[in-house]
Amino acid sequence: MTTQATVIAPDLIPEALYPTLNALCAVSIDVAGVIARGALGGALAAQVGENTDGDQQKALDVMADEMFEAALRGGDVRWYASEEQEAALQTSETGRYALAIDPLDGSSNIDVNVSIGTIFSIFEAKDGAEESFLRPASEQIAGGYILYGPATCLVVTFGNGTLQYVLDPAKREFVLVEQAMQVPQTSKEFAINASNERHWTKPVKAYIDACLAGKDGPTGMEHNMRWVGSLVAETHRILTRGGVFLYPGDSRPGYESGRLRMVYECAPIAMVIEQAGGKATDGATPILERQADGLHARVPLVFGSAEMVQQVTDQHVMDH
Ligand SMILES: O=P(O)(O)OC[C@H]1O[C@](O)(COP(=O)(O)O)[C@@H](O)[C@@H]1O
Ligand SMILES: [Mg+2]
Ligand SMILES: [Mg+2]
C-alpha cells in the first residue's frame, strides 16, 4: 500500500499538525480503496472478535485500526487510543500529540454498501496516556472525520471553523471545497433510533412526539426522519442541510448513557459541529464541557441545528 497523500490548502492547517493529518489522510485513501472493492477484497464484515465495549469486531474494524496505528507509529503521536483496543498505546517516545480514533464508524453498514467513516480527536499529549484523553473535550486541538461515501471527504476543525476537503482519488489529493461549513440554524429533519422508543426518558419522548405531531403540534411544522446507522454519515448530512441527531441514554441495561463513546466519537463530532455554528450536548450540558472517566466511556449525544438542540434542552429543563 502507498502511504502518500496531499492535503491541498495546507495554510489552513496548523503547521505542526500537518504531518499527522497527512498520515491520517494517506491511510484513509487506502481504507477507501479497500471499501470500494467491497466483496472483491474479502469478507470485510466477517466477525473476527469483540471489543472492550462488547461490540462485535468486524474484519474491516480491525484492519482499519491496524492501518492507522502502523502509519502513525514513530511520528508526532505519542498516545494512540482506539475503539478497537482496550488501552491507549505509546506510538512514539517524544511525540507531541495524543490521538483518539474510531477507525471504522458505522460497522453495521459495512456489508450493505452504505457510507461509513473514521472519526479522530487530537489533544496535546501529557505524560500519561489516560490524563491525555480524560480531560474536558474543549481542550481538543483538532477533531474531524473522514466519510467513505460516494465521495470520500475529510471534515476537520482546528478550532477556527470547520473545513471540508474532498478526495480526488486519481491524484491522492484532498482538495479544499469549503472553508467555513455552517449548520443551518433549524431544519425539519430529526434522527433517532426509533426502535428504542419504549426505553426513552420523558424529555426525549416529549421532543420526538412534538416532531411527530407535525403542524398540529407545538412546533407547527411537518418533520422528516432519517437514520443511517453511521454517525459520520448523519453528521455530514446535518452539517450540510441541518437537522438534529439524538442518541440519548435509555433504560436498556448498559445504555444509561446511550451508545456513543465520548473520547473518539462524541467529543470530535461536537467540536466539528460547534465550530460550524451548531450545538452538541448530552441533552443539557455542552459535550465540550464534559470529560470522560474512561477511554471507552459513553455519553448521551444530541447535536445539530442550534435551535433544535435548544428545544431538546428545553424539554430536559421543563422535566426537572
Ligand atoms: O445500532 P444503532 O442503535 O442504530 O446505533 C448506530 C450507531 O452506532 C454506531 O455504529 C457506533 O459506532 P461503531 O460502528 O464505530 O461501533 C454509530 O455509527 C451509529 O450512529
Ligand atoms: Mg463509531
Ligand atoms: Mg467503530
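The rules behind the values
Residues numbered from 1 in each chain as written. Chains lettered and ligands numbered in written order. Predicted model: local features only at pLDDT ≥ 70, side-chain atom pairs only at ≥ 80, totals over all residues. Heavy atoms only, no water. UniProt positions renumbered as here; feature names shortened; annotations may be inferred. Axes fitted to C-alpha atoms, helices over the stretch in contact; angles between N-to-C directions. Helix = DSSP H or I, 4+ residues; strand = E, 2+ residues; numbered from the N terminus. Parallel < 35°, antiparallel > 145°, perpendicular 65-115°, else oblique. Left-handed = near helix turned anticlockwise from the far one by under 90°. Contact = heavy atoms within 4.5 Å. Nonpolar A, V, L, I, M, F, W, Y, C, P; charged D, E, K, R; others polar. Buried < 20%, exposed > 50% of the residue type's maximum accessible area, 1.4 Å probe, protein only. Pairing = 2+ DSSP bridges.

Under an unreviewed UniProt entry, the name given to the chain is Fructose-1,6-bisphosphatase class 1, and the source organism is Thalassovita aquimarina. Recorded under Pathway (unreviewed entry), the UniProt text for the chain is reproduced unchanged: "Carbohydrate biosynthesis; Calvin cycle." According to UniProt, the comment filed for the chain under the heading Sequence similarities (unreviewed entry) is "Belongs to the FBPase class 1 family."

(A) How the structure looks around the packing of helix 5 (residues 231–241) against helix 6 (residues 262–275). Where helix 5 contacts helix 6, the two axes come as close as 11 Å, and the packing angle between them is 10°. Viewed along their axes, helix 5 and helix 6 adopt a mutual orientation that is roughly parallel. In this structure, helix 5 meets helix 6 at a crossing whose hand is right-handed. Side by side, helix 5 and helix 6 meet where Leu-231, Thr-235 and Leu-239 of the first sit next to Glu-265, Ile-269, Val-272 and Ile-273 of the second. Considered class by class, the residues forming the contact of helix 5 with helix 6 number 5 nonpolar, 1 polar and 1 charged.

(B) The arrangement of the UniProt feature "binding site: Mg(2+) 2" (unreviewed entry) in the chain in detail. Annotation from UniProt places "binding site: Mg(2+) 2" (unreviewed entry) at Asp-102, Asp-105 and Glu-265. Taken along the chain, the residues just named run across 164 residues; in space they keep tight, none of their C-alpha pairs more than 8.7 Å apart. Relative to the helices and strands, Asp-102 is located in strand 6 (residues 97–105). We classify Asp-102 as buried; its relative accessible area is 0%.

(C) Here's a closer look at the sheet that holds strand 11 (residues 173–178). Taking strand neighbours across the sheet as the criterion, the 9 strands line up as 1-11-10-9-8-7-6-4-5 in an open arrangement whose pairing is mixed. Lying at the two open borders of the sheet, with one neighbouring strand each, are strand 1 (6–7) and strand 5 (89–90). One ladder, built from 6 bridges, connects strand 8 (residues 142–148) with strand 9 (residues 152–157); its direction is antiparallel. Among the inter-strand pairings, Tyr-148 is bridged to a residue of strand 9, identified as Thr-152. Contacts from helix 1 (residues 18–37) reach strand 1, strand 4 (77–82), strand 6, strand 7 (116–124), strand 8, strand 9, strand 10 (162–168) and strand 11, with the element oriented near 20° to strand 8. Contacting strand 6, strand 7, strand 8, strand 9 and strand 10, helix 5 crosses the sheet at an angle of about 100° to strand 8.

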